[in-house]
Amino acid sequence: IQLKTNKYRLEGIVESVPKSSMPMLIEPVNVLLKIQFKDLMPEIANLINIGDEEKDEAGHTIRKVKSIVSNEPGENVIPQDGKLVIVYHPANKDVVLLVEMVCTKDDNKLFLGKDLIKVGNNVSLKTDKYELKGKIISINN
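**Student:** I'd like a rundown of the overall build of the chain, residues and numbers included.
**Tutor:** Tallying secondary structure elements over the chain gives one helix and 10 strands in all. When the elements of the chain are put in sequence order from the N terminus, they spell out β-β-β-α-β-β-β-β-β-β-β. Computed over the C-alpha atoms, the radius of gyration of the chain is 24 Å, more than 25% above the 14 Å expected from 2.2 N^0.38 for a compact globule of 141 residues. Dimensions of the chain along its principal axes, counting C-alpha atoms only, are 85 × 45 × 25 Å. Looking at the chain as a whole, 25% of its 141 residues are labelled buried. For the chain, long-range pairs separated by at least 24 residues make up 60% of all intrachain contacts whose partners lie at least 6 apart in sequence. For the chain, the accessible surface area stands at approximately 10,200 Å², while carbon and sulfur atoms represent 53% of it. Both charge centroids of the chain, one from 20 positive and one from 20 negative side chains, sit 6 Å from each other.

Below, the structure is given as structure tokens:
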């Protein structure tokens, strides 16, 4: 590196760069997320198929349904006689999907956009047939 002023000129070798001034190395990675979508209308639940894809503006696949883990009657927990009881919705479904998503990895953390991927966080899936919002229940990478 050279440093020049009107009084002197210096040349040197950069030995190290502080981590805070280094550019972030963000790499795209494919991650399998198990996502639970609760209380879906049966018409929506029946539209979901293996291979359904969400694409970005450039037409690249960013999310893809790899498998349908379950498609069961929706469960609700209600208080009854001082206890919590599970009741099943007569029509709506709780669907669990295994979805492959293109994420970014930075400093050994996974992100969807600016959102950290972790169990319990909400995530969406939008195809040309439906738009769903669900909760991450497991991460397989």
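**Student:** Requested: an account of a nonpolar patch on the surface, with residues and values cited.
**Tutor:** Together, Val 77, Leu 84, Ile 86 and Tyr 88 give the surface a local cluster of nonpolar side chains, amounting to about 460 Å² of exposed area. Top element by residues in the nonpolar patch is strand β6 (residues 83-106). It accounts for three residues. Among the secondary structure elements, Ile 86 is positioned in strand β6. Taking relative accessible area as the criterion, Ile 86 reaches 47% and is therefore assigned partly exposed.

**Student:** Requested: an account of the environment of Asp 94, with residues and values cited.
**Tutor:** Relative to the helices and strands, Asp 94 is located in strand β6. Apart from the residues within four sequence positions on either side, Asp 94 is in contact with Phe 37, Lys 38, Asp 39, Ser 70, Asn 71, Glu 72, Pro 73, Gly 74 and Glu 75. Within the structure, the side chain of Asp 94 is placed 2.9 Å from the backbone nitrogen of Asp 39, a separation counted as a polar contact. Of the polar contacts made by the side chain of Asp 94, one reaches the backbone nitrogen of Glu 75; its length is 3.0 Å.

**Student:** Could you give me a rundown of the pairing of strand β9 (residues 122-126), with the residues and numbers involved?
**Tutor:** A one-sided burial pattern is seen for β9, the buried positions being Val 123 and Leu 125 and the unburied ones Asn 122, Ser 124 and Lys 126. Two elements, β9 and strand β10 (residues 131-140), share five bridges in a ladder whose sense is antiparallel. Looking across to β10, one finds that Val 123 is bridged to Gly 134. What sits between β9 and β10 in their antiparallel hairpin is a turn of four residues.

**Student:** Break down the nonpolar core for me, with residues and values.
**Tutor:** Counting 22 residues, the largest nonpolar core has Leu 33, Leu 97 and Met 101 as its most contacted members. In terms of residue count, the dominant contributor to this core is strand β3 (residues 27-40) (six residues). Other than its neighbours up to four places away in sequence, Leu 97 contacts Leu 33, Lys 34, Ile 35, Phe 37, Ile 48, Val 65, Ser 67, Ile 68, Val 69 and Leu 125.

**Student:** Quick rundown of the pairing of strand β5 (residues 61-80)? Include the residues and the values.
**Tutor:** Summarising the sheet, strand β4 (residues 53-55) and β5 pair through three bridges and their orientation is antiparallel. When the sheet's bridge partners are listed, Lys 55 is paired in β5 with Thr 61. In sequence, β4 turns back onto β5 through a hairpin of five residues, with Gly 59 there showing a positive phi of about 90°. Connecting the antiparallel pair β5 and β6 is a turn made up of two residues, with Asp 81 showing a positive phi of about 55°.

**Student:** Got a sec to walk through the side chain of Thr 127? Specific residues and values, please.
**Tutor:** One can find Thr 127 in the loop between β9 and β10. Here the side chain of Thr 127 touches Lys 129 through a polar contact of 3.0 Å, landing on its backbone nitrogen. Excluding its chain neighbours within four sequence positions, the residues that come into contact with Thr 127 are Asp 52, Glu 53 and Glu 54.

**Student:** A description of the layout of surface pockets should follow, citing residues and the corresponding values.
**Tutor:** If you add up the space inside the largest pocket, you get close to 170 Å³. If you go around the largest pocket, the residues you meet are Pro 28, Ile 62, Arg 63, Val 102, Cys 103, Thr 104, Phe 111, Leu 112 and Gly 113. Residues of the lining of the largest pocket, tallied by class, amount to six nonpolar, two polar and one charged.

Rules used in this analysis
- Note on numbering: residues in each chain are counted from 1, in written sequence order.
- Reporting of local features is limited, given that this is a predicted model, to residues whose pLDDT is at least 70; pairs of side-chain atoms are given and counted only at 80 or more, and all residues count toward the totals for whole chains, interfaces and linings.
- Excluded from the side-chain calculations are hydrogens and water; all other atoms, namely the structure's heavy atoms, are used.
- To qualify as a helix, a DSSP run of H or I must reach at least 4 residues; to qualify as a strand, a run of E must reach at least 2; elements of each kind are numbered from the N terminus.
- Throughout, radius of gyration means the C-alpha value; the globule benchmark is 2.2 Å times the number of residues raised to the power 0.38.
- Relative accessible area decides the class of each residue, using a 1.4 Å probe on protein chains only: under 20% of the type maximum gives buried, over 50% gives exposed, and in between gives partly exposed.
- Here, residues are in contact when the closest pair of their heavy atoms is within 4.5 Å.
- Methods summary: accessible areas were calculated by the Shrake-Rupley approach with a probe of 1.4 Å, and residue burial reflects only the protein chains presented.
- When charges are tallied, Lys and Arg are placed among the positive residues and Asp and Glu among the negative ones, while His and the ends of the chain are skipped.
- Lysine's charge is taken at NZ, arginine's at CZ, aspartate's at CG and glutamate's at CD.
- Within this analysis, patches are made of residues with over 30% relative accessible area and no salt bridge. Like charges are joined at 9 Å or less; nonpolar side chains (Val, Leu, Ile, Met, Phe, Trp, Tyr) at 5 Å or less.
- The rule for a salt bridge is simple: a side-chain nitrogen of Lys or Arg has to be within 4 Å of a carboxyl oxygen of Asp or Glu.
- Any pair of N or O atoms that falls within 3.5 Å is considered a polar contact. Within protein, one atom must be able to donate a hydrogen and the other to accept it, and sequence-neighbouring residues count only if both atoms are side-chain atoms.
- Here, strands pair whenever DSSP counts at least two bridges between them.
- Take the buried residues of types Ala, Val, Leu, Ile, Met, Phe, Trp, Tyr and Cys, join any two whose side-chain atoms come within 4.5 Å, and each joined set is a nonpolar core.
- Buried and open spaces are told apart on a 1 Å grid over the protein atoms alone, a cavity being a set of points where a 1.4 Å probe fits but cannot get out and a pocket being an open set with protein on both sides within 12 Å along at least five of seven lines. Residues with an atom within 4 Å of a point are the lining residues.
- Grid points are joined across faces, edges and corners, and a volume is the space filled by probe spheres set on the points.
- When residues are grouped by polarity, Ala, Val, Leu, Ile, Met, Phe, Trp, Tyr, Cys and Pro land in nonpolar, Asp, Glu, Lys and Arg in charged, and all others, Gly among them, in polar.

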